[in-house]
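# A structural walkthrough
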Amino acid sequence: MTNAQPGDTLTMTAGTWTDQQIYFNGSGAEGDTILLRAEIPGYVVLNGSSRISINGSYLKVDGLRITGGYHLQGAIDIESGSHHCRVTNTEVSEFNPPDAATRYHWINLKGSHNRLDNCFISGMRHSGVSVLVTLTGNPYGYHRIDHNYFADKPVGDGNGYESLKVAAGAYSDLEGNIIAEYNYFYRCSGEIEIISNKCLNNIYRYNTFVECQGTLTLRQGTNCVVEGNYFFGNGVALTGGIRITHRGHKIYNNYFQDLTGDGQRSAIALYAGMDDKDYVPDDGGHVRADSILIAHNTIVNCAEGIYSGAWDADDPIILPPKDNTLANNIVTMNNNAMGYKRDALYPGVNEFWEGNMFNGPNPGDVPDSGYVADDPELILKDGWYQITGSSPALDASSGDYKMVIEDIDGIQRDQFKDIGADELGSGPRQPLDPEDVGPAWLDDPDLPLVLNINISGSGEVLTDPAGGVYKKGTGVKLTAIPAEGYLFSRWEGDLNSPANPDSVQMDANKQVTAVFTLPVLHTLNTWLTGSGRVELDPAGGKYSPGTNVVIRAVPDSGWIFQGWSGSLAGSDNPETLLMDENKLVVVTFVRDPSSIASDHFLPMRFDLKQNYPNPFNPVTTISFSLEAAASTRLTIYDALGNIVAEPVNDYLKTGEYQINFNAVYLASGVYFYQLISGAKRAIRKMVVMR
Ligand SMILES: [Ca+2]
Ligand SMILES: [Ca+2]
Ligand SMILES: [Ca+2]
């Protein structure tokens, strides 16, 4: 593709492209873009290890789907030095490695003035960032990320699971000049940062967040704008709003509803931390919120409104937020949640308040002035609470916040601005829904459907027909082939079945996981009291689930078998045992009354005998006798005195006992076994030798 010229169009034919490394290089010109497009948008599917590298200027990718495969370098890279490139109408979904800990990022934007728009980015289930902006090359930044549909990112394993990350700590003194607008985030819950801002001068506006278990976080870098965003928690746990560190940001016209997060996941959280003058790029610490404007926002029925002084115990320097302005915000709660919280240790200092309206039973730590307690009389319309003609918030704002020209839904503010995010009257910028964003082709009912197979354990799956991409209505036969030593257990996901082979009907995109497991072996342990032995058939003591084991008690001369207890009952001999779990059978032999000689009437004495055999591998017999009934423990210690086993812990009668001890899990070495019965105690040494 390196020979493409300005104005060229490269068309990929409809179908499945597997393991394609596409290097899309070229130099287009303004008005003379080089286009790489799908013959039919949505009908070109790239799977396997496919990915696209875009390197040049005025290059545009349109209508592709990268789904179901994976690549350690991610799915789409706009390379450093590239500019005015665009990826549009494109899908990256379910691009997951076999091991969820494998880390890579799906879409990397480097260079400058590039655009990612109307894309569908869904189903990231491994360590990584969905869309990453990296400020490398010169010039850098000035990207636009808009009208994308971000979806279904489950909670990950800690930090590093952002849906959108703008720069990184090492670049946090650089200007990004990124605009992220009109994006729809649905259940993007990878970590506390849905969006992580890490550089200067970026704008986040007109986005809608639905049921995302995180926050839009201004983490590093100054002077960003967060404007006109809608946050809907719908009561889902851990849903949050805007989390703010560092200096000079403007937060206005945002709307928050039914968020359940508190603390740093409050609708608006202002951080404590080090002072800006002490900050150096790549220092992981939080910089305190400083000179932040919080104006004309509306918070409705959240678990916590505005929290001034959120802090992180890992920070070495914690100073309170300072010089922040809270003006013309509405906080209205139908619950007992705090409208405003001043942190007990690090409450905001020199905070300026004016024109705010608080409503609800618990306004919290509001100051003496700068707010009124009144019901703004919002009404639910089109899914959010809007101002009404009779509202006391109407025309009632204070101060002059010149950047607040429009309201959240995009109408011009009048001369007397209303308190809150909404000026009376409906505008065009309502909350987004999926129809407003993502590729135009996404709703095509005849789109090729993608079957993704995941493996748990070790093995492979054959699909018939092969390929992973199917016409609607295709039946696909799945055959699981376990790796050596493994067993096929079951299908999970969109096929729930233990059958192999089995089939799926492709009436939608499907995710199926083949679960392979290592064979389970159940252990059969036997304890003997009295004198005798036990025979197992099959022998060995470890069995596959479902094995029937014949167990036979063989008394020594002068003894008789009395009965089973533990996992068996009664006195049938032999008996059959079904191994459906780990089992322990206690075998009791008693003196044969007909063979009792006079010496057997001698009083029994407390005695712990040397185990036999010794050294042993792995089974030995430990014999002891008790002169009186008592609570009795036989405990095995290693040479360091750690308890490694306790074969007996019971109330035992006077008598002789034999315990078979299996040391299969113990390393070679010296061990001690101690018998305590009532006030008596004895200890002996034994040796495991492999
Ligand atoms: Ca993060
Ligand atoms: Ca007005
Ligand atoms: Ca309005």
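As shown above, the structure is provided for reference.
A brief look at the structure comes next.

Basis of the calculations
- Sequence order as written defines the numbering, with residues in each chain counted from 1.
- By the order in which they are written, chains take letters starting at A while ligands take numbers starting at 1.
- Selection of residues for local features in this predicted model requires a pLDDT of at least 70, selection of side-chain atom pairs for listing and counting requires 80 or more, and totals for whole chains, interfaces and linings are taken over all residues.
- Strands here are runs of E lasting at least two residues and helices are runs of H or I lasting at least four, both read from the DSSP assignment and numbered beginning at the N terminus.
- Note that the radius of gyration is over C-alpha atoms, with the globule rule given as 2.2 Å times the number of residues to the power 0.38.
- Field definition: a residue is buried when 20 or more other C-beta atoms are found within 10 Å of its C-beta, exposed when 12 or fewer are, and partly exposed for counts in between, with C-beta atoms placed from the backbone.
- A set of buried residues qualifies as a nonpolar core if it consists of Ala, Val, Leu, Ile, Met, Phe, Trp, Tyr and Cys joined through C-beta atoms within 7 Å.
- Where each domain begins and ends follows an automated or database-derived domain assignment.
- Here the contact rule is simple: place C-beta atoms from the backbone, and any two residues whose C-beta atoms are within 7 Å are in contact.
- DSSP calls a pair of strands paired once it identifies at least 2 bridges connecting them.
- What counts as an axis is a line fitted to C-alpha atoms, over the stretch in contact for a helix, and the angles between N-to-C directions run from 0 to 180 degrees.

Counting its secondary structure elements, the protein contains zero helices and 62 strands. Against the 2.2 N^0.38 benchmark of 26 Å for 690 residues, the protein shows a C-alpha radius of gyration of 35 Å, more extended than a compact globule. Along the longest, intermediate and shortest principal axes, the C-alpha atoms of the protein span 115 × 70 × 45 Å. Counting over 690 residues, the protein shows a buried share of 46%.

This part is about the nonpolar core. Within the largest apolar cluster, 136 residues are counted, with the highest numbers of intra-cluster contacts made by V92, I107, V131, F185, I244 and L270. Both of domain 1 (9-435) and domain 2 (448-517) provide at least three residues apiece to this core. When near neighbours in sequence (up to four residues on either side) are disregarded, I244 contacts L218, H249, I251, A269, L270, Y271, A289 and I292.

Further remarks concern the sheet that holds strand β45 (residues 475-482). Pairing within the open sheet is antiparallel, and its three strands lie in the order β43-β45-β47. At either end of the open sheet lies a strand with only one pairing partner, and these are β43 (459-464) and β47 (502-505). Taken pair by pair, the neighbouring strands of this sheet meet at an average axis angle of 30°, ignoring direction. When β45 meets β47, the two strands line up antiparallel, connected through four bridges. When the sheet's bridge partners are listed, L478 is paired in β47 with D502.

Let us now look at the sheet that holds strand β27 (residues 242-244). With parallel pairing, the 12 strands of this open sheet are ordered in space as β3-β6-β9-β12-β15-β18-β21-β24-β27-β30-β33-β36. Edge positions in the sheet fall to β3 (21-27) and β36 (338-342), since each of these pairs with one other strand and no more. Taken pair by pair, the neighbouring strands of this sheet meet at an average axis angle of 10°, ignoring direction. Pairing between strand β9 (residues 76-78) and strand β12 (residues 107-109): three bridges, direction parallel. When the sheet's bridge partners are listed, I76 is paired in β12 with I107.

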